[in-house]
Amino acid sequence: MTTIVDGNAILREIQESSRDTFAKVAADRGIPPRVAVIQAGDDPGASLYTRHLKRNFETAGVAVDVHKLPVDATLPEAQEAIGRLSADPAIHGIQIQTPTPEHLPLRELVGALDPEKDLDGIHPLNAGLLAQGTPSIVPATPLGGLEILLRHKVPIEGARAVVIGRSAIVGRPMALLLLARHATVTICHTRTRDLPHITREAEILACAAGRAGLVGLEMVRPGAAVIDFGLNVVDGTVLGDVAPEAAERAGLFTPVPGGTGPVTSAMLLKNALVLYQRALGVEP
Ligand code: NAD
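Here the structure is a predicted model, which means the values were calculated and not measured. (Residues numbered from 1 in each chain as written. Predicted model: local features only at pLDDT ≥ 70, side-chain atom pairs only at ≥ 80, totals over all residues. Heavy atoms only, no water.)

Asker: Just give me the short version of unusual backbone geometry, but keep the residues and values in it.
Answerer: Here Thr98 and Pro99 are connected by a cis peptide whose omega angle stands at 0 degrees. Following the sequence through the fold, Pro99 ends up in the loop between strand 4 (93-96) and helix 4 (106-109). Across the junction of Val256 and Pro257, the peptide omega takes the value 0 degrees, indicating a cis bond. In this model, Lys153 sits at a positive phi of 55 degrees, which is unusual for a non-glycine residue. With respect to the helices, strands and loops of the structure, Lys153 is situated in the loop between helix 6 (140-151) and strand 5 (160-164). Despite not being glycine, Asp235 has its phi angle at roughly 50 degrees, a positive value. (Helix = DSSP H or I, 4+ residues; strand = E, 2+ residues; numbered from the N terminus.)

Asker: Provide a residue-level description of the sheet that holds strand 4, including the pertinent values.
Answerer: Think of a sheet as strands paired side by side through backbone hydrogen bonds, with each pair either parallel or antiparallel. Taking strand neighbours across the sheet as the criterion, the three strands line up as 3-2-4 in an open arrangement whose pairing is parallel. Lying at the two open borders of the sheet, with one neighbouring strand each, are strand 3 (63-69) and strand 4. Each adjacent strand pair in this sheet contributes to an overall mean axis angle of 20 degrees, direction not counted. (Pairing = 2+ DSSP bridges. Axes fitted to C-alpha atoms, helices over the stretch in contact; angles between N-to-C directions.)

Asker: Help me get a handle on helix 9 (residues 260-280), residues and values and all.
Answerer: Here helix 9 is 21 residues long and its end C-alpha atoms lie 30 Å apart, about the 30 Å a rise of 1.5 Å per residue gives. Across the 21 residues of helix 9, 16 count as buried, placing the element largely inside the fold. Looking one or two places after helix 9, you find Gly281, whose phi comes out positive at around 70 degrees. (Expected span 1.5 Å × (residues − 1). Buried < 20%, exposed > 50% of the residue type's maximum accessible area, 1.4 Å probe, protein only.)

Asker: Hey, could you go over the sheet that holds strand 5 for me, with residue numbers and the actual values?
Answerer: Strand order in the open sheet formed by six strands is 1-11-8-7-5-6, and the pairing between neighbours is parallel. Among the strands making up the open sheet, the edge pair consists of strand 1 (3-4) and strand 6 (184-188). As paired elements, strand 7 (residues 204-207) and strand 8 (residues 225-228) share four bridges and run parallel to each other. In the sheet register, Ala206 faces strand 8, and the bridge partner there is Ile227. Here helix 7 (residues 171-180) sits on the sheet in contact with strand 5, strand 6 and strand 7, set at roughly 170 degrees to strand 5. (Contact = heavy atoms within 4.5 Å.)

Asker: Explain the packing of helix 2 (residues 44-59) against helix 9 residue by residue, including any values.
Answerer: Here helix 2 crosses helix 9 at 60 degrees, and the two axes come no closer than 10 Å. On the basis of the axis angle, helix 2 is oblique to helix 9. In this structure, helix 2 meets helix 9 at a crossing whose hand is right-handed. Across from Tyr49, His52, Leu53, Asn56 and Phe57 in helix 2, the residues of helix 9 making contact are Thr264, Ser265, Leu268, Leu269 and Ala272. The class makeup of the residues in the contact of helix 2 with helix 9 is six nonpolar, four polar and no charged. (Parallel < 35°, antiparallel > 145°, perpendicular 65-115°, else oblique. Left-handed = near helix turned anticlockwise from the far one by under 90°. Nonpolar A, V, L, I, M, F, W, Y, C, P; charged D, E, K, R; others polar.)

Asker: Talk me through helix 7; I want residue IDs and the actual numbers.
Answerer: Those residues of helix 7 that fall on the buried side of the exposure criterion are Gly171, Pro173, Met174, Ala175, Leu177 and Leu178. Buried residues belonging to helix 7 abut helix 5 (124-131), helix 6, strand 5, strand 6 and strand 7. Looking one or two residues past helix 7, His182 carries a phi angle of roughly 70 degrees, positive in sign.

Asker: Pulling in residues and values, what's your account of the environment of Pro33?
Answerer: Relative to the elements of secondary structure, Pro33 occurs in the loop between helix 1 (7-29) and strand 2 (34-40). Taking the C-alpha atoms as reference, Pro33 lies 36 Å from Ala225; in sequence the two are 192 residues apart. The contact partners of Pro33, leaving out residues within four places of it in the chain, are Phe22, Ala26, Gly61, Val62, Ala63, His92 and Tyr276.

Asker: Which residues make up the domain arrangement of the protein, and what values do they have?
Answerer: How big an interface is tends to be stated in terms of the accessible area lost upon association of its parts. Here the protein is described as being made up of domain 1 (30-115) and domain 2 (140-262). Spacing between the C-alpha centres of domain 1 and domain 2 amounts to 29 Å. (Domains from an automatic or database assignment.)

Asker: Mind laying out the side chain of Thr192, listing which residues take part and the relevant values?
Answerer: If you trace the backbone, Thr192 turns up in the loop between strand 6 and helix 8 (195-199). Within polar-contact distance, the side chain of Thr192 engages the backbone nitrogen of His189 at 2.7 Å. (Polar contact = N/O pair within 3.5 Å; in protein donor to acceptor, adjacent residues only side chain to side chain.)

Asker: Quick one: what's the story with the state of the cysteines, residue by residue and with numbers?
Answerer: According to the stated counting rule, one finds zero disulfides in the structure shown. Take Cys188: it sits in no disulfide, and the sulfur closest to it among the cysteines is that of Cys207, at 9.4 Å. (Disulfide = S-S within 2.5 Å.)

Following this line, the structure appears as structure tokens:
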């Protein structure tokens, strides 16, 4: 029997529990939780995600300030805006919306971000802590992948884990999270030879390639835990990196949509709560 992960149920549960904790801390300390979202330009994907993020945080009782920078904002102007929010004690977390315009590369913007307000774990300090095996604030998407494995009691220690994708925001941190929990991890990418041979060994298979249907049923080891991060819009339909029929062979499977996506939102709430509690000196 394959366990199909219900990401929306996980999100609802975490929205509820974090709303209670946010409310309790806010009542004790008299300081309401507040996060800021910075969106440079008007990319439709980024705008959609901003609206979605706002609703997610507001459901948990967290105020959201949306700062839209004009598409022609210069790099110093964008850095100055991020620096100003970083210095604002009323703001507990900051999200820089991607994709950013070409002249405002994310790697140039993160330097202005206070790592203690880094909602999605993109600051090099937080990435470095994860790389050293001592994670602090971790990107929400891979953190959600780990949350799914832990909730479903998938054994990680000693397991053969394969991650497809090595981006700084999904694949690479997923591999590092699994390594920190003592899995034996292989990272695959576009230049990997014989991908099916490698994926068939995986007891845990995490896919973050952004290629619809890249992983077919024959590439999945029977009983494997398959975590599909892929979100690919094909002819108006959202598809994962894993072909849906591969679920038959998996022991655990995250559908797209409704699997890892909502859990990413849940992990942003968790990250926001950690930053808020730290800022107020409250023990978690
Ligand atoms: P990216 O394009 O930055 O990285 C993709 C990685 O996959 C690269 O390292 C590349 O080498 C590898 N890759 C691509 N094609 C491959 C192939 N044919 N074989 C092997 N490796 C291949 O993308 P990203 O930002 O890491 O996002 C990956 C996917 O996850 C996208 O579909 C994105 O939309 C999705 N995503 C989902 C969530 C979520 O909440 N579920 C959040 C962020 C991103």
